[in-house]
Amino acid sequence: MKKYFIITLLYCLICNDMQAQESPLYYSKVKDAFGNEMLLGKCTVAALQQFPFVKWYNTNYASYVVDTATCNFIRPLLQDKKLIIFMGTWCGDSRREVPRMIKMLECCNFDFKNLELILVSNQDSLYKKSPGHEEAGRNIVRVPTLIIDEQRKEAGRIIEYPVSSLEKDLLSILRKENYIPHYNNIQVMQLK
C-alpha cells in the first residue's frame, strides 16, 4: 500500500510539472511563514472552491446580492473583453471581493475562458508577485485588482474594492466614463 501511495504521488508530481509547462494554467498550494495554506500562480475558480479556501469563498459568494439590473447593461459590453484578477488567498479584501466578482460575472453570463485569475504571494521576497511574474509591468500594489483588457490595452481597473459597487464600477469602465478607482495614483499600464 505504501509503495502504491509513493508511486501515485510521484506520478501526480510529474504530471503536475508537465501540466505547468504545457498549460496556460498552473498553480501551487504552499504554506506561508505562519503555516497557512495559500495558492500561487494562474488558476481557475475551481481551485478557490477547494479546502481550506472554500470556507471563505462560499460564505462571501452566498452573501453577495448581485445588482441584476446593472448586469443587464454590462452583459453586452463584456463581449470580446478579457478580465484579469490579481488576488491573494491570504488577503482579506481578496477573500471578500473575488467571490463577489465571480458571482457578478456569472450573472452577466461572462465566458470564463476570458478570465485570468492570478494568485500572488504575501511573503517578503515575493510580495504581491506570482511565480510566473504576470504582475510585472502592471503596477499591482493592492489586491484584488480587476483589470479590464480591451484589444490588449487596459480599459480600466477596480482596485481592492469598488468605489460605488462592483456592477456600477464595471459598467462605468465598460462605457468609458470617467471612472477613478481607489488608489487612483496607480498608472494605467498597457498590457503585454
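So, how was this worked out
Residues numbered from 1 in each chain as written. Predicted model: local features only at pLDDT ≥ 70, side-chain atom pairs only at ≥ 80, totals over all residues. Heavy atoms only, no water. Helix = DSSP H or I, 4+ residues; strand = E, 2+ residues; numbered from the N terminus. Buried < 20%, exposed > 50% of the residue type's maximum accessible area, 1.4 Å probe, protein only. Contact = heavy atoms within 4.5 Å. Areas by Shrake-Rupley, 256 points an atom, 1.4 Å probe, with all protein chains shown as cover. Salt bridge = Lys/Arg side-chain N within 4 Å of Asp/Glu carboxyl O. Lys, Arg positive; Asp, Glu negative; His and termini not counted. Polar contact = N/O pair within 3.5 Å; in protein donor to acceptor, adjacent residues only side chain to side chain. Arc of directions from axis to C-beta. Phe/Tyr/Trp six-rings, centres within 6.5 Å; stacked < 30°, edge-to-face > 60°.

### Re the overall build of the protein chain
- A count of helices and strands for the protein chain gives six helices and six strands.
- Starting at the N terminus and ending at the C terminus, the protein chain contains elements arranged as α-β-β-α-α-α-β-α-β-β-β-α.
- Taken over 192 residues, the protein chain has a buried fraction of 42%.
- Contacts in the protein chain between residues at least 24 apart in sequence constitute 62% of all its contacts with a sequence separation of at least 6.
- Entry remark: accessible area of the protein chain is about 10,800 Å², with carbon and sulfur atoms responsible for 54%.

### Some points on the pattern of salt bridges
- A full pass over the atoms with the stated rule returns ten salt bridges.
- For the salt bridge of Lys42 with Glu116, the shortest nitrogen-to-oxygen distance reads 3.3 Å. Within this pair, whereas Lys42 is found in strand S2 (residues 37–43), its partner Glu116 is found in strand S4 (residues 115–119), the two being separated by 74 residues in sequence. Glu116 matches Lys42 in its accessibility class, with the two residues each being buried.

### Thoughts on the side chain of Asp32
- Tracing the chain through its elements places Asp32 in the loop between strand S1 (26–31) and S2.
- No salt bridge is formed by the buried Asp32. Its closest oppositely charged neighbour is Arg95, at 7.5 Å.
- Polar side-chain contacts of Asp32 include one of 2.8 Å to the backbone nitrogen of Phe34.

### Considerations on helix H3 (residues 54–63)
- For H3, the complete set of buried residues consists of Trp56, Tyr57 and Asn60. An end-on view of H3 places all buried positions within 105 degrees of arc, on one side of the element. Set apart from the buried face of H3 by more than 90 degrees, the exposed residues are Lys55, Thr59 and Ala62.
- Summarising the contacts, the buried residues of H3 are in contact with helix H2 (45–48), strand S3 (82–87) and helix H5 (92–107).

### Observations regarding the packing of aromatic side chains
- Here the structure, examined in full by the defined rule, presents three aromatic pairs.
- Judged by centre distance (5.9 Å) and plane angle (20 degrees), the rings of Tyr57 and Tyr61 are stacked. Pair noted here: Tyr57 and Tyr61 are both in helix H3, with a separation of four residues, about one helical turn.
- A residue is classified by how much of its surface remains accessible, and Tyr57, at 1% relative accessible area, is buried.
- Taking the centre distance of 6.0 Å and the plane angle of 35 degrees together, the rings of Trp90 and Tyr127 count as tilted. With Trp90 in the loop between S3 and H5 and Tyr127 in the loop between S4 and strand S5 (145–150), the pair connects residues that are 37 residues apart, well separated along the chain.

### Some remarks on the side chain of Glu116
- Take Glu116: its relative accessible area is 16%, and that puts it in the buried class.
- In terms of polar contacts, Glu116 uses its side chain to reach the side chain of Lys42, at 3.3 Å.
- Discounting residues that sit within four places of it in the chain, Glu116 has contacts with Lys42, Lys82, Leu83, Ile84 and Ile85.

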